[in-house]
Amino acid sequence: MVKPEALQRYSLFGGIEKEQIEAILHVMQHEKFKPDEIIIAEGNSNDRIFFIIEGQVSVTKQDIILSRFNEGEAFGEMEVLDVMPATATIKSLTPVTTMSISNRGLREIYKIDIKTFSLLVMNLARDLSRRLRRMDEKLASSDSKPILF
């Protein structure tokens, strides 16, 4: 099992004390994936936010690689937040170790400690904002023509 001190280094757990992490570890799931294993398939339902402890995954949509995520990054949050099918496929590129929190686990954290829940959600929002900024910069620097709405 992953130690709370190790999780504190990552942005998803920023500002959350060791004791708070210890109190919610029981709602988190620890998993390992072999290389080339599909963790989330595009179009399928997903009810968990995954957090990469070790390894690297690819993010693909219709067989186009959109991104790669490494240790410390989270994925699956879009489906948890908007309760829609997965918009992309997440596949392990290397051996991958994750911790995950399901919708049910998030509700449990909310009941256990609203402050911890609030910090998790705020950290998740910050991570999503950073990712959106990177994608905006990537799109702005590409040679493609702008999309008009």
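Located above this text is the structure these notes cover.
Presented here is a report on the structure given in the accompanying data block. In this text the structure is predicted, and so the values were computed from the model without any measurement.

Thresholds, definitions, all that
Residues numbered from 1 in each chain as written. Predicted model: local features only at pLDDT ≥ 70, side-chain atom pairs only at ≥ 80, totals over all residues. Heavy atoms only, no water. Pairing = 2+ DSSP bridges. Helix = DSSP H or I, 4+ residues; strand = E, 2+ residues; numbered from the N terminus. Axes fitted to C-alpha atoms, helices over the stretch in contact; angles between N-to-C directions. Expected span 1.5 Å × (residues − 1). Buried < 20%, exposed > 50% of the residue type's maximum accessible area, 1.4 Å probe, protein only. Polar contact = N/O pair within 3.5 Å; in protein donor to acceptor, adjacent residues only side chain to side chain. Parallel < 35°, antiparallel > 145°, perpendicular 65-115°, else oblique. Contact = heavy atoms within 4.5 Å. Nonpolar A, V, L, I, M, F, W, Y, C, P; charged D, E, K, R; others polar.

Points about the sheet that holds strand β5 (residues 64–69)
Pairing in this open sheet of 4 strands is antiparallel, and the strands run β2-β7-β4-β5 from one edge to the other. Both edges of this open sheet fall to β2 (38–40) and β5, since each of them pairs with a single strand only. With strand direction ignored, the average angle separating the axes of adjacent strands in the sheet is 30 degrees. Where strand β4 (residues 57–61) lies against strand β7 (residues 89–92), 4 bridges are found, and the strand directions are antiparallel.

Notes on helix α5 (residues 114–141)
The end-to-end C-alpha distance of α5 is 40 Å, a good match for the 40 Å that 28 residues give at a rise of 1.5 Å each. For α5, the set of buried residues is Thr116, Leu120, Asn123, Leu124, Asp127 and Arg131. With a side-chain oxygen positioned 3.1 Å from the backbone nitrogen of Lys115, the residue opening α5 is Asp113.

Describing the packing of helix α4 (residues 103–112) against α5
The N-to-C vectors of α4 and α5 enclose an angle of 135 degrees; their axes lie 5 Å apart at closest approach. As far as their axial angle goes, α5 and α4 are oblique. Where α4 approaches α5, its residues Leu106, Ile109, Tyr110 and Ile112 are matched on the opposing element by Ile114, Thr116, Phe117 and Leu120. Its residues assigned to classes, the contact of α4 with α5 shows 7 nonpolar, 1 polar and no charged.

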